Amino acid sequence: MSTYDYIVVGSGSGGAPVARRLLDAGADVVVVEAGRSTFGVPDIEDPASWFGLQSGAWDWGHQYQPTPRVLDRDISIPRGKGLGGSSATNAMMWYRGVPADYDRWDATAPGWGWDDCLPAFQACETWHGAASPTRGATGPMHITPPDPNHPLTQAMLDGGRDMGLPVNADPNGPEPLGVALANFNIAPDGKRWTSAQGYLEPVMDRLTVLTQTTATEVLFTGDRATGLRVFRNGTEQILTARKGVVLSAGALETPRILMLSGIGPEAELARHRLKCRVLAQGVGDNLQDHPLVRALNFRANRPLGPMKGNGGGTLTIWKSDDALAQADLLAFPVQGRSGVPALWDAYDLDGDVFAIGLGVMRSFSKGYVRLTGTAPDAPLEVQPNLLADPRDLKALMSGVEFLQDMVATQGFAPLFKDYAAPDTKVSGKDTETFVRRACSTFFHCVGTARMGADDDAPVTPRLAVRGTTGLWVADASVIPEIPACHTHAPVTMIGERAAQFILETI
Ligand SMILES: Cc1cc2nc3c(=O)[nH]c(=O)nc-3n(C[C@H](O)[C@H](O)[C@H](O)COP(=O)(O)OP(=O)(O)OC[C@H]3O[C@@H](n4cnc5c(N)ncnc54)[C@H](O)[C@@H]3O)c2cc1C
């Protein structure tokens, strides 16, 4: 059978909830996923193995284009390829962001304020920590706090407090400023919990899931999306949809599919001799990510002991400038050394070393994703313009200096021996050079088919592709402005809401 009510492209953070909620409403749904099944794969289940999933079969292998701002370095931008998408390969941090993030969305995409989004956030999760009225108790995603018994976890809590930050009982509460135990999409048994496990696995007996099947083009009858061209088992096949198609292929692949379907900027379509079906100037624009300094490394005065969970454990959230309305910096510990290749080359990181990653979460630089060819597997040109906005650089420089001070507090005395990368305390130009050398991605690319009420937004606030019927986007592409948090939880929430909008439309 190749006709369904809905075709959902992608089984990740956005696709899995849409597919499940449409199915639960009685629809006949097929999920088309380019990657393989991830169920029961030991490296995916083991939280400590997440970093190794970034290269190889579970990843798309995309690269950010180099710029002088990051010293012309190649920076990979991993995206999960398999059931669960990036939720099956990510670092498992579950952080929903603050009301102000969503109230900013609401300004250009009405209906996306915090009060609109909170019920969907609650519907996503089963929170296993202390009861809270703002958390969910019965959702498909198991969310747990970490095992706090690691010397680095304790030092992060104590050092943050010594720097004057409050200790926060719930970073997913209304005010995340301070230092807190992080939340993870890790099940109570200690294994990673993916979107596919949460949303799809329980209904595999009534859901059609086509793995190793790549969507190449949405097919239309008039302006209505009625089908999908896919590549499966070495041949091209057509799937047809009675009610519509949902694109949840992520912020890099969704714009590709839109453009290959004739929906995109005039010049870009013309450059690749693609027939223009819908002029959508915004497709591929507005790419945002959180620049991440990966990472500050420090010499420990004793062995760190076995790794716990994902190798992190806490969140430190603070302001680079007290005058800011919202916290803009986030640091997380790494129970071992951590760095981009340029750091391994520049510093000695052997021995007992721990690291702290630093992200600017209220980031302002914007880039784009473009086609380099029309083959479905042609490399994409992805340019995030990391550090192009001087505010991002300034915030990270302030953060590096804050963290170098933090490890010198009493709270870190049981662990800190010396600086490793940078290998001395830095300031001014030296801090800037370190940031440029260590700047990488927080893995949070979003925004390439943004939703908005304005005509230039490719997607409406109800997630329909403007100029079409029966075609929706439900993934990180639709985010108009990157929230000051990790992006798995927000995209899961988007998936939940997408199904509501679709069901209300039909
Ligand atoms: C290494 C890494 C670490 C991260 N760490 C965190 C973290 O700790 N916390 C956090 O909140 N966020 C984290 N993120 C980001 C977060 O996981 C993503 O923002 C989020 O999962 C994106 O959801 P999505 O639905 O947009 O895309 P995805 O979850 O990536 O789903 C897209 C799916 O579509 C499939 N697909 C793509 N193209 C096609 C096609 N043509 N045909 C068929 N299928 C297709 C893909 O294979 C994939 O399964 C991380 C991401 C990565 C990669």
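Quantities reported herein were computed from a predicted structural model and do not represent experimental measurements.

### Quick look at the site of the ligand
Residues in close proximity to the ligand total 39 residues, the closest being Ser 13, Glu 33, Ser 86, Thr 487 and His 488. Within the contact set of the ligand, an oxygen atom lies 3.2 Å away from a backbone nitrogen or oxygen of Met 92. A distance of 2.9 Å separates an oxygen atom of the ligand from a polar backbone atom of Ala 476. Out of a free accessible area of 1,000 Å², the ligand has 99% covered by protein chains. Among the secondary structure elements, those contributing two or more residues to the shell around the ligand are β9 (213-221), α7 (250-260) and α12 (488-505). A per-class count over the shell around the ligand returns 14 nonpolar, 20 polar and 5 charged.

### A closer look at the pairing of strand β1 (residues 3-9)
Buried residues dominate β1, accounting for 6 of its 7 residues. With 6 bridges connecting them, β1 and strand β11 (residues 235-247) associate as parallel partners. Paired with Val 9 across the bridge in β11 is Leu 247. Handedness of the crossover is the feature at issue here: the chain leaves β1, passes through helix α1 (residues 15-24), returns alongside strand β2 (residues 29-32), and the resulting connection is right-handed.

### Looking at the nonpolar core
Formed by 159 residues in total, the largest nonpolar core has its most connected members in Trp 112, Phe 412 and Leu 471. The contact partners of Leu 471, leaving out residues within four places of it in the chain, are Val 218, Phe 220, Ala 225, Val 245, Leu 247, Leu 258, Ile 263, Leu 463, Ala 464 and Val 465.

### As for the packing of α1 against α12
Put simply, α1 and α12 touch, their axes get as near as 7 Å, and they point 35° apart. Crossing hand, α1 versus α12: right-handed. Side by side, α1 and α12 meet where Pro 17, Val 18, Arg 21 and Leu 22 of the first sit next to Thr 492, Gly 495, Glu 496, Ala 498, Ala 499, Ile 502 and Leu 503 of the second. Along the lines of polarity and charge, the residues of the contact of α1 with α12 split into 7 nonpolar, 2 polar and 2 charged.

What counts as what
Residues numbered from 1 in each chain as written. Predicted model: local features only at pLDDT ≥ 70, side-chain atom pairs only at ≥ 80, totals over all residues. Heavy atoms only, no water. Near = heavy atom within 4 Å. Polar contact = N/O pair within 3.5 Å; in protein donor to acceptor, adjacent residues only side chain to side chain. Areas by Shrake-Rupley, 256 points an atom, 1.4 Å probe, with all protein chains shown as cover. Helix = DSSP H or I, 4+ residues; strand = E, 2+ residues; numbered from the N terminus. Nonpolar A, V, L, I, M, F, W, Y, C, P; charged D, E, K, R; others polar. Buried < 20%, exposed > 50% of the residue type's maximum accessible area, 1.4 Å probe, protein only. Pairing = 2+ DSSP bridges. Right-handed = clockwise from strand over helix to strand, strands pointing away. Core = buried A, V, L, I, M, F, W, Y, C linked by side-chain atoms within 4.5 Å. Contact = heavy atoms within 4.5 Å. Axes fitted to C-alpha atoms, helices over the stretch in contact; angles between N-to-C directions. Left-handed = near helix turned anticlockwise from the far one by under 90°.

From the geometry alone we can't say anything about function, so treat these as descriptive.
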